[in-house]
Amino acid sequence: MNSSTTPPLGPDFINQVLLLIPRAIVNDFVLAFSFVKELIFEHILFIIISFFAIVLFAFLEYIFTGRWALLGSVFYNSLKYVILFFTALIFGAGIFASDWFDIVLAILGGFCYLIVRLILKKLNIL
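Residues numbered from 1 in each chain as written. Predicted model: local features only at pLDDT ≥ 70, side-chain atom pairs only at ≥ 80, totals over all residues. Heavy atoms only, no water.

### Concerning the nonpolar core
- Membership of the largest hydrophobic core is limited to 8 residues, which are Val55, Ala58, Leu71, Val74, Phe75, Val116, Leu120 and Ile125.
- Of all the secondary structure elements, the ones that give two or more residues to this core are α2 (44–65), α3 (69–91) and α4 (101–122).
- Broken down by element, this core gets its largest block of residues, 3 residues, from α3.
- Setting aside residues up to four positions removed in sequence, Leu120 forms contacts with Trp68, Leu71, Gly72, Phe75, Ile125 and Leu126. (Core = buried A, V, L, I, M, F, W, Y, C linked by side-chain atoms within 4.5 Å. Buried < 20%, exposed > 50% of the residue type's maximum accessible area, 1.4 Å probe, protein only. Helix = DSSP H or I, 4+ residues; strand = E, 2+ residues; numbered from the N terminus. Contact = heavy atoms within 4.5 Å.)

Shown next as structure tokens:
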């Protein structure tokens, strides 16, 4: 009698599952981005009006209180997420699942910070 047993799902089942996980993560990003893209394109007018209302509110806060943090934050986050949205449109949402994308996010954060700083300096806020 042979005492060796084989797993019920095949000898390399675990290896197959481990190979499927990265593909599943990419598919999740693609699915989530398709929902976000559809939502944005369906409600683009509302998003534009809301964006200008938020910028107006942030600018009024700066005028009345002298605090520019909200205005800078609105510009920074808007610029960052618009760049990420267009990146996903161009290269596909699967790019967000890449191992090196955290490095790209750090570089993008620094880039957006510098651009917003230049904008605020041109507006004589900083």
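### Let's talk about the packing of aromatic side chains
- As enumerated under the stated definition, the model contains 8 aromatic pairs in all.
- Geometrically, the ring pair formed by Phe41 and Phe85 is edge-to-face, given 6.2 Å between the ring centres and 70 degrees between the ring planes. Of the two residues, Phe41 sits in helix α1 (residues 13–42) while Phe85 sits in helix α3, which places them 44 residues apart along the sequence.
- Members of the aromatic cluster, connected to one another through ring pairs, are Phe29, Phe96, Trp100 and Phe101. (Phe/Tyr/Trp six-rings, centres within 6.5 Å; stacked < 30°, edge-to-face > 60°.)

### A few points about the pattern of salt bridges
- Here the structure, examined in full by the defined rule, presents 1 salt bridge.
- When the shortest N-O distance is used, the salt bridge between Glu61 and Arg67 registers 3.7 Å. (Salt bridge = Lys/Arg side-chain N within 4 Å of Asp/Glu carboxyl O.)

### Brief notes about the packing of α1 against α3
- Relative orientation of the contacting elements α1 and α3 amounts to 115 degrees, with a least axis distance of 12 Å. Two packed elements cross with a definite hand, and for α1 against α3 that hand is left-handed. Facing Phe33, Lys37, Ile40 and Phe41 of α1, the residues of α3 in contact are Phe85, Ala88 and Leu89. (Axes fitted to C-alpha atoms, helices over the stretch in contact; angles between N-to-C directions. Left-handed = near helix turned anticlockwise from the far one by under 90°.)

### A short note on the confidence of the model for the protein chain
- Residues at a pLDDT of 70 or more form 94% of the protein chain, whose mean pLDDT is 89.
- Of all the helices and strands in the protein chain, α1 carries the lowest mean pLDDT, 88, while α2 carries the highest, 95. (pLDDT = per-residue confidence, 0-100.)

### Concerning the packing of α3 against α4
- As a packed pair, α3 and α4 sit with axes 9 Å apart at the nearest point and diverge in direction by 135 degrees. As far as their axial angle goes, α4 and α3 are oblique. The crossing of α3 and α4 is right-handed. Here α3 contributes Leu71, Gly72, Phe75, Tyr76, Leu79, Lys80, Ile83 and Leu84 to the contact with α4, which in turn contributes Phe101, Leu105, Leu108, Gly109, Phe111, Cys112, Tyr113, Ile115, Val116, Ile119 and Leu120.
- Its residues assigned to classes, the contact of α3 with α4 comprises 16 nonpolar, 2 polar and 1 charged. (Parallel < 35°, antiparallel > 145°, perpendicular 65-115°, else oblique. Nonpolar A, V, L, I, M, F, W, Y, C, P; charged D, E, K, R; others polar.)

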